[in-house]
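Breakdown of the fold
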Amino acid sequence: MAFAGQCACGQVKVAVKADAPVATRQCWCRQCQQLAAGGPTHNAIFDAGDVTVTGDTASSGWTAASGNTLTYYFCPSCGTQVYGQSSARMHLKTVRIGVLGATPALRPQMAIWTAEAPEWAMIDPALERHAGQPPAPVIAKD
Ligand SMILES: [Zn+2]
Ligand SMILES: [Zn+2]
């Protein structure tokens, strides 16, 4: 299986050649709530070499509590979030599930930074939960 999608205006296109994501997460950190209009971001993490992004992207970012830099890329025309990348894990790209489409293979497995979620947040109890940053995902390739 591979994954593909585009931003709301179609200017940015994403293609992923992996069979499955390394990990899928929803993130409730404050910055993600700001990016996602109050909810969490939904993310599929892939080996960076498996992700091809075409079209112009703009970027911004922040410095995490860990001291690592989080850079996120978005379409400068329509504002759709495309992917993010951590300076500590440049071998991974965190693709926003919204740009790929919500296929069953991209169902979130984990909710992270739940300590920062609003009290009215609806978090699926079936998800593995982390109050803050979880351990880095391990790439298993067969
Ligand atoms: Zn766009
Ligand atoms: Zn976040």
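Predicted, not measured: the structure shown is a model, and the values here were computed from it.

We now examine the overall build of the chain. Helices and strands together make up the secondary structure of the chain, namely two helices and 11 strands. Reading the chain from its N terminus to its C terminus gives the helix and strand order β-β-β-α-β-β-β-β-β-β-α-β-β. Taken against the 2.2 N^0.38 rule, which gives 14 Å for 142 residues, the C-alpha radius of gyration of the chain at 14 Å falls within 12% of a compact globule. Taken along its principal axes, the extent of the C-alpha atoms in the chain is 40 × 35 × 30 Å. Relative to all contacts within the chain whose residues are 6 or more apart in sequence, the contacts with residues 24 or more apart total 54%. For the chain, the accessible surface area stands at approximately 7500 Å², while carbon and sulfur atoms represent 53% of it. Charge separation in the chain, taken as the distance between the mean sites of 10 positive and 9 negative side-chain charges, equals 4 Å.

Right, let's get into the coordination of the zinc ion (ligand 2). Donor atoms from the polypeptide that coordinate the zinc ion (ligand 2) comprise Cys-27 (SG), Cys-29 (SG) and Cys-32 (SG), at 2.1 to 2.3 Å from the metal. Each donor residue of the zinc ion (ligand 2) belongs to the same chain, with the gaps between them written as C-x1-C-x2-C. Note on accessibility: Cys-29 and Cys-32 belong to one class, buried.

Here we come to the pairing of strand β8 (residues 81–86). Most of β8 is tucked away: six of the six residues are buried. Following strand β7 (residues 69–74), the chain reverses through six residues before pairing antiparallel with β8; Gly-79 in that reversal takes a positive phi of roughly 85°. Where β8 and strand β9 (residues 92–96) come together, two bridges link them in antiparallel fashion. Note on β9: the bridge partner recorded for Gly-84 is Thr-94.

So, about the side chain of Thr-41. When you line up the elements, Thr-41 lands in strand β4 (residues 41–47). A distance of 2.9 Å separates polar atoms of two side chains, one belonging to Thr-41 and the other to Asn-43. Among all residues touching Thr-41, those that are not within four sequence positions of it are Arg-25, Gln-26, Cys-27, Cys-32, Leu-35, Ala-36 and Arg-96.

Criteria and cut-off values
- Residues numbered from 1 in each chain as written.
- Chains lettered and ligands numbered in written order.
- Predicted model: local features only at pLDDT ≥ 70, side-chain atom pairs only at ≥ 80, totals over all residues.
- Heavy atoms only, no water.
- Helix = DSSP H or I, 4+ residues; strand = E, 2+ residues; numbered from the N terminus.
- Rg over C-alpha atoms; globule rule 2.2 N^0.38 Å.
- Contact = heavy atoms within 4.5 Å.
- Areas by Shrake-Rupley, 256 points an atom, 1.4 Å probe, with all protein chains shown as cover.
- Lys, Arg positive; Asp, Glu negative; His and termini not counted.
- Charge placed at Lys NZ, Arg CZ, Asp CG, Glu CD.
- Donors = N, O, S within 2.8 Å, 3.2 Å for Na, K, Ca; no water.
- Buried < 20%, exposed > 50% of the residue type's maximum accessible area, 1.4 Å probe, protein only.
- Pairing = 2+ DSSP bridges.
- Polar contact = N/O pair within 3.5 Å; in protein donor to acceptor, adjacent residues only side chain to side chain.

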